[in-house]
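Descriptive analysis of the structure
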Amino acid sequence: HQAVLTQPADGYTILLANATMTIVPALYRNLRYNTIRDFTPVAYSGLSPIGLGIPASRPEKTLAEWVAWAKTRKGTLNYGSGGNGTVQHLYGFQVNEEFDLGATHVPYKSAIQYLPDLATNQLQFTMLDIFSQRPFRERGAVRILAVTGDERSRFLPDVPTFKELGYPGYDRMGWTAYYVKAGTPAPIVERLAAAMNRLSALPEWAARREATWSQWTQLSPAQLAERVRHEADAWAALVKKTGVYAD
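Since we're looking at a predicted model, the values are computed, not measured. The residue numbering used here restarts from 1 in each chain and proceeds along that chain's sequence as written. Note on the predicted model: pLDDT of at least 70 is required for a residue's local features to be given, and 80 or more for side-chain atom pairs to be given and counted; whole-chain, interface and lining totals, by contrast, use all residues. By convention in this description, side-chain values take in all heavy atoms of the structure and omit both hydrogens and water.

1. Here we look at the layout of surface pockets
- Approximately 470 Å³ is the volume found for the largest pocket.
- Points on a 1 Å grid over protein atoms alone make up a cavity when a 1.4 Å probe fits among them but cannot get out, and a pocket when they form an open set with protein on both sides within 12 Å along at least five of seven lines; lining residues each have an atom within 4 Å of a point. Forming the boundary of the largest pocket are 20 residues, of which Asn18, Asp129, Gly174, Trp175 and Thr176 lie nearest the centre.
- When residue character is reported, Ala, Val, Leu, Ile, Met, Phe, Trp, Tyr, Cys and Pro are called nonpolar, Asp, Glu, Lys and Arg charged, and the others, Gly included, polar. Partitioning the lining of the largest pocket into residue classes produces seven nonpolar, twelve polar and one charged.
- The computed volume of the second largest pocket comes to approximately 310 Å³.
- If you go around the second largest pocket, you meet 16 residues; those closest to its centre are Leu47, Asp150, Met173, Gln215 and Thr217.
- Put simply, DSSP H or I for four residues or longer makes a helix, DSSP E for two residues or longer makes a strand, and each gets a number counted from the N terminus. Elements with a minimum of two residues in the lining of the second largest pocket: β2 (39-48) and α9 (221-242).
- Looking at the lining of the second largest pocket residue by residue, the class counts come to five nonpolar, four polar and seven charged. Grid points are joined across faces, edges and corners, and a volume is the space filled by probe spheres set on the points.

2. A few points about the sheet that holds strand β1 (residues 15-18)
- In spatial order, the strands read β1-β8-β2; together these three strands make up an open sheet with antiparallel pairing. Two strands close off the open sheet at either side, each with one partner strand: β1 and β2. Each adjacent strand pair in this sheet contributes to an overall mean axis angle of 30 degrees, direction not counted.
- In short, DSSP must find at least two bridges between two strands for them to pair. One ladder, built from eight bridges, connects β2 with strand β8 (residues 174-181); its direction is antiparallel. Residue pairing in the sheet places Leu47 in a bridge with Trp175 of β8.
- Across the face of the sheet, helix α7 (residues 186-200) comes into contact with β2 and β8 while running at roughly 15 degrees to β2. To obtain each axis, a line is fitted to C-alpha atoms, and for helices this fit is confined to the stretch in contact; angles are then taken between N-to-C directions over 0 to 180 degrees. Throughout, a contact is declared for two residues whenever any of their heavy atoms are within 4.5 Å.

3. Quick word on the packing of helix α5 (residues 111-119) against helix α6 (residues 130-138)
- It is at 11 Å that the axes of α5 and α6 come closest, and there the two elements cross at 40 degrees. Considered as vectors, α5 and α6 are oriented oblique to each other. Pair α5 / α6 crosses with right-handed handedness. Facing α5, whose interface residues are Leu115, Pro116 and Ala119, α6 presents Ser132, Gln133 and Phe136.
- Partitioning the contact of α5 with α6 into residue classes produces four nonpolar, two polar and no charged. The labels follow the angle: roughly parallel below 35 degrees, roughly antiparallel above 145, roughly perpendicular from 65 to 115, and oblique for the rest. Crossings are classed by handedness, with left-handed meaning an anticlockwise turn of the near helix from the far one by less than a right angle and right-handed meaning a clockwise turn.

Here it is as structure tokens:
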């Protein structure tokens, strides 16, 4: 991030970032820069829903069934994440609060580390992007009960969204996007966005996204900036509730 900020705001230095950009301002209270204020989003590169994953050994096949069971185990459940302040942690916290589960957050260094513990029921749930869960799901070790976003993922057409199940506030997804330094002239940002969107629409890029269960939405820089601000506000509220900060 800082390397981009040391360069002129001329559009020649581009940052490929992920959804963490919308969490950082709340998580790091003493950071010398702000990822919302000091960067301008240009275009999405790809998006992936976050899925509520549980051990496939559990008999519950729907979110309602699982929540009903989880409530009978209130105060005994664990949910895993790749660390404090990650998307997995904050969304896991949201699920925990939503359904009043009294679950304990267990932070790991990475998702790769905790997925085996989820598969063996040492953890009872996680909120993780669907592609990361894919290998465990395909071998019958993990079941995904619901996904974030406004529409079902075409890679998991049988899995409902939280929204359609009656739970708003789960519209945020995992994503990657291109950014430039704030202050880059609007015509340059628009020109970059047009070029990036043309590339993202090519069949070659679509095939690459397909391989990683990634989807793509074309937004204008203004629309994307609005989306980023909305997500930053939502994550900030969750960070405040958790009381967990990185500094």
